[in-house]
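# Structure at a glance
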Amino acid sequence: EAQVTQNPRYLITVTGKKLTVTCSQNMNHEYMSWYRQDPGLGLRQIYYSMNVEVTDKGDVPEGYKVSRKEKRNFPLILESPSPNQTSLYFCASSFPGTLQPGELFFGEGSRLTVL
Amino acid sequence: GENVEQHPSTLSVQEGDSAVIKCTYSDSASNYFPWYKQELGKGPQLIIDIRSNVGEKKDQRIAVTLNKTAKHFSLHITETQPEDSAVYFCAASKRGSGNTGKLIFGQGTTLQVKP
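Everything numeric in this text was worked out from a predicted model, so none of it was measured.

Each value, and the rule that gives it
- The written sequence of each chain sets the order in which its residues are numbered from 1.
- Labels follow written order: the first chain is A, the first ligand is 1, and so on.
- A pLDDT threshold of at least 70 governs which residues receive local features in this predicted model, and a stricter bar of 80 or more applies before side-chain atom pairs are shown or counted, although totals over entire chains, interfaces and linings include all residues.
- Derived side-chain values reflect all non-hydrogen atoms in the structure, with water molecules and hydrogen atoms excluded from consideration.
- We call two strands paired when DSSP finds no fewer than two bridges between them.
- What counts as a helix is a DSSP run of H or I of at least four residues, what counts as a strand is a run of E of at least two, and both are numbered from the N terminus.
- Any two residues having at least one pair of non-hydrogen atoms within 4.5 Å are treated as being in contact.
- Accessible area that two parts lose when put together, evaluated with a 1.4 Å probe and summed over both, is termed the buried area.
- What counts as a salt bridge is simple: a side-chain nitrogen of Lys or Arg found within 4 Å of a carboxyl oxygen of Asp or Glu.
- We define a polar contact as two N or O atoms separated by no more than 3.5 Å, with the added condition that, inside protein, one atom must be a possible hydrogen donor and the other a possible acceptor, whereas residues neighbouring each other in sequence contribute only through side-chain atom pairs.
- Just so you know the grouping, Ala, Val, Leu, Ile, Met, Phe, Trp, Tyr, Cys and Pro go in nonpolar, Asp, Glu, Lys and Arg go in charged, and all remaining residues, Gly too, go in polar.

Attention now moves to the sheet that holds strand β1 (residues 4-7) of chain A. All names here are of chain A. Strand order in the open sheet formed by 4 strands is β1-β3-β8-β7, and the pairing between neighbours is antiparallel. Here the strands that pair on one side only, and so sit at the sheet edges, are β1 and β7 (65-66). Two elements, strand β3 (residues 19-25) and strand β8 (residues 76-78), share 3 bridges in a ladder whose sense is antiparallel. What sits directly across from T20, in β8, is I77.

Right under this line is the structure:
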């Protein structure tokens, strides 16, 4: 089944404790991206990757890191989480073709709470 | 940069009635306008999209209209059913050579269809 898989789905952590949210897609997509969803603010892009080893900042990159060492994986790293990073996070992927990006396929989300 | 405003933030309709969600965008160069539906506990999923060379597109009970002059586009759902209850996001992007095609999302509309 074609899908984007995120882990963990739910996480409660404390300020300053490094964490990683994994994202994997099995559709051979080149484009991957991370979003955060907050009430009243919609979906805001954190980082994106056009292909392996190519990443760039989105609209709200502060406090986050990413890496794209393999085509299928795009982990989101919070080196020192803070309470304002409490949010619902989505990973998405797309096969861009000649017009980028194409339809975005989203994971089921990771709800993070930072105390 | 692009800014997308979405209204209303919540919408409640009776089953069988129509629902309309409206979005405005700021960048006149935007040329691709998708709509995503997010069911409870799930990631957003593309339901319909429209390109700037088209004024209207329909797919069964859903339709999207685009007014490039006024820079707004709308989602129309007819004969609403309880399973239409979800959060809907509009988005805008510039697709084509030299553009990343980054999607800018609206704030989201929570649609409730009452049986």
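Once that is clear, we can look at the interface of chain A and chain B. When the parts of a complex come together, some accessible area is lost, and that lost area is often used as the size of the interface. Every contact between the two is made by 22 residues of chain A and, on the other side, 19 residues of chain B. Carbon and sulfur atoms supply 54% of the area buried between chain A and chain B, which totals about 1800 Å² over both sides. Taken together, the links from chain A to chain B amount to 2 salt bridges. Residues K102(B) and D59(A) are paired through a salt bridge, measuring 2.7 Å at the closest nitrogen-oxygen approach. Between the two partners, chain A and chain B, sit 4 residue pairs in polar contact (both at pLDDT 80 or more). Of all the secondary structure elements, the ones that give two or more residues to the side of chain A that touches chain B are β4 (31-38), β5 (42-51) and β9 (87-94) of chain A. No other element matches β5(A), which puts 5 residues into the side of chain A that touches chain B. Taken together, the residues of the side of chain A that touches chain B sort by class into 11 nonpolar, 7 polar and 4 charged.

Shape descriptors only; they carry no functional weight alone.
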